[in-house]
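Summary of structural features
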Amino acid sequence: MKDFNQKYFTGDSAAHSRSVYKGSGYDPQDLNRPHIGIANTFSENSAGHAHLRELAAAVKSAIWQAGGVPFEFGLPSTCAEVAIGTDTMCMDLAMRDIVASGIEIVSSVQHFDGLVLLSGCDNIVPGTLLAAARLDIPAICCTGGPMLSGRLDGKQFLQCDVTEFSYGQISKGTASREAILKAECSACPSMGACSSMGTANTMQILAEALGMTLPGASTIPAVFTDKIISCKQIGRRIVDMVHENLVPSRIITREAIENAIYMDLAIGGSTNAVLHLLALANELNIELSLQDFERLSRTTPCIANVRPSGVYAVDDLFYSGGVPAIFKQLESIVHKECLNVSGQTLGEILSTVPSEPDDVIRSLDNPIVKDGGLAILSGNLALNGCVVRSSTVKESMHHFRGTAKVFSSDSEAHDAIIQEKVRPGDIIVVRYCGPVGAPGMVEIMEATEAIINLGLDESVALITDGRFSGFCHGPIIGHVSPEAAIGGTIALVEDGDLIDIDIPGRSLTLLVSDEELEKRQKDLVFPEPNIKKGFMRTYAKNCLPPEKGAAMQMWD
């Protein structure tokens, strides 16, 4: 343990700093202790963040108890469910950069010695991770946890079921008002992240897999008292980490990121995790590419029997042992020397974890899917690669050749599906939805959920330079790069073109001659930018492509 001295708040020359904190209600004699920032993404517009005030109170009480001084500050957070079907869906991914920048600036100006990163959903959790990597001061992620799973007519019913219901039966006008009300009131029985393996729960779990939160913390349901106790443990631990100078660069190593990839594959996690881990690696100057995901996917089974790859909800993972229990089944392939914020190595953590699998967390010998449930495809339609959640694609669609039907928005494609203008044998192409084109990389949800709800997932596929919600499943391929807005091949596809999807062969091919593509490239006219001012325009000019994480990291 090192001696601690808060140099910015001691001595006569720091009177002005102490005075301001006195005005905020702090006793000046307390200021010569570790100053711990608590970045709180609380908001009343998201179930995944609505309970974070209570968790922050637990963290703060423990920081005081351990001899630190807590300073809570707020950050914006959003819920992508609200943005589905609207023009603002393009802003969702860019929240990651706003969260990261907000933490970076506040923590730097206030000279915090350590950070507790309190968040719960989609792009917000990875935003806190980017900030931790960028600042490289002692930091712990304190995740909000999953909500409890809902029930409808005695059966499991989750938020993803409402979404599919909305963009299928409701859109066609075949659902009664009573059925709609019953569905919308059944799916979310508590606060917390939506309880399938969407992006929110995926990233909470990966924060633990990276070693950035305490063992077992990420899957504790949001409303359990265990979550409050975990927050108190985190509050005490961050003060110790400041004295130990245990910083993120010692924890988030290349091996730790590989452990997170192993975990993402084992849980059948959201395809958005690919973007977030690539961006995190880039923040730390760690070499990582789509081919690393492909390489590990070939040998890592999907063993978490959780929707959409399986049948259970995420709160069931807690009862089965959470992340440590999943890592126990992966023990023979992961990097056990990696460090956790607790100060333990992964190997030390696993030494006390029971080894018996169950139906929620299966063994390597009894997987949900033999490979990792994620495939990286490439070909003339995706020269820099694209991503598919292969564990959710029915076997009959693993090799599919179809006729292109081209659209420029999710809503346009959805309307065509509902109006039965999309037929079996078609491949929907939704373009100009990438990081530059949207701008911000749209989640294509209306069309994908309509495909599932209308039973088209064994006869129709979808390809996009946008991305998908972690809820989405089926024969859908995203992150196509180069994107349409910078002249990628996806911009050249025309109605009636043949496209070949070969998941086992890892290829995505537009069956059009090179000569014809060259002609189309010369005649290509780009649409006007959707957004011409404000933050999203800044994002479009400074973001990296999806195969590098699509974050605003174009530093040079």
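Given the structure is predicted, the values throughout are model-derived calculations rather than measurements.

Digging into the domain arrangement of the chain
Along its sequence, the chain is carved into domain 1 (4-13 + 26-148 + 188-349) and domain 2 (373-546). The straight-line distance from the C-alpha centre of domain 1 to that of domain 2 is 31 Å. Each partner contributes residues to the interface: domain 1 has 38 residues there, and domain 2 has 36 residues. Linking domain 1 with domain 2 are two salt bridges. Between domain 1 and domain 2 we count 11 residue pairs in polar contact (both at pLDDT 80 or more) in total. Of all the secondary structure elements, the ones that give two or more residues to the side of domain 1 that touches domain 2 are α3 (80-83), α4 (95-110), α11 (254-266), α12 (272-283) and α13 (290-297).

Here we look at the packing of helix α17 (residues 410-418) against helix α18 (residues 446-453)
Look at α17 against α18: their axes get within 7 Å of each other, and the N-to-C directions meet at 20°. Between α17 and α18, the angle is such that the two are roughly parallel. Residue-level inspection shows D410, S411, A413, H414, I417 and I418 of α17 in contact with α18, the latter providing E446, A447, A450 and I451. Of the residues contributing to the contact of α17 with α18, the split by class is six nonpolar, two polar and two charged.

Overview of the pattern of salt bridges
Tallying each qualifying case throughout the model produces 28 salt bridges. Note that D359 and R362 form a salt bridge whose closest N and O atoms lie 3.2 Å from each other. When its relative accessible area of 37% is taken as the criterion, D359 is described as partly exposed. For D497, the salt bridge identified is with R520, shortest N-O distance 2.7 Å. Taken together, the residues span a long stretch of sequence, with D497 in the loop between β12 (476-481) and β13 (498-502) and R520 in helix α19 (residues 514-523) at a distance of 23 residues. The class for R520 is buried, based on a relative accessible area of 11%.

Section: the environment of Q291
Considering the arrangement of structural elements, one finds Q291 in helix α13. Linking Q291 and M203, residues 88 residues apart in sequence, is a C-alpha distance of 20 Å.

Looking at empty space enclosed by the protein
Counting across every chain of the model gives four cavities of 30 Å³ or more. If you add up the space inside the largest cavity, you get close to 110 Å³. The wall of the largest cavity is formed by 14 residues, among which E208, F327, N340, L346 and I349 lie closest to the centre. Residue assignment for the lining of the largest cavity shows that the elements contributing at least two residues are α8 (199-209), α15 (322-329) and α16 (346-350). Broken down by element, the lining of the largest cavity gets its largest block of residues, three residues, from α15. Partitioning the lining of the largest cavity into residue classes produces 10 nonpolar, three polar and one charged. Empty space within the second largest cavity amounts to approximately 40 Å³. Around the second largest cavity, the lining residues are T271, R389, F468, S469, C472 and I476. When grouped by side-chain class, the residues that make up the lining of the second largest cavity number three nonpolar, two polar and one charged.

Conventions adopted
- Residues numbered from 1 in each chain as written.
- Predicted model: local features only at pLDDT ≥ 70, side-chain atom pairs only at ≥ 80, totals over all residues.
- Heavy atoms only, no water.
- Domains from an automatic or database assignment.
- Contact = heavy atoms within 4.5 Å.
- Salt bridge = Lys/Arg side-chain N within 4 Å of Asp/Glu carboxyl O.
- Polar contact = N/O pair within 3.5 Å; in protein donor to acceptor, adjacent residues only side chain to side chain.
- Helix = DSSP H or I, 4+ residues; strand = E, 2+ residues; numbered from the N terminus.
- Axes fitted to C-alpha atoms, helices over the stretch in contact; angles between N-to-C directions.
- Parallel < 35°, antiparallel > 145°, perpendicular 65-115°, else oblique.
- Nonpolar A, V, L, I, M, F, W, Y, C, P; charged D, E, K, R; others polar.
- Buried < 20%, exposed > 50% of the residue type's maximum accessible area, 1.4 Å probe, protein only.
- 1 Å grid on protein atoms, 1.4 Å probe; cavity = no way out; pocket = protein on both sides within 12 Å on 5 of 7 lines; lining within 4 Å.
- Points joined across faces, edges and corners; volume = space filled by probe spheres on them.

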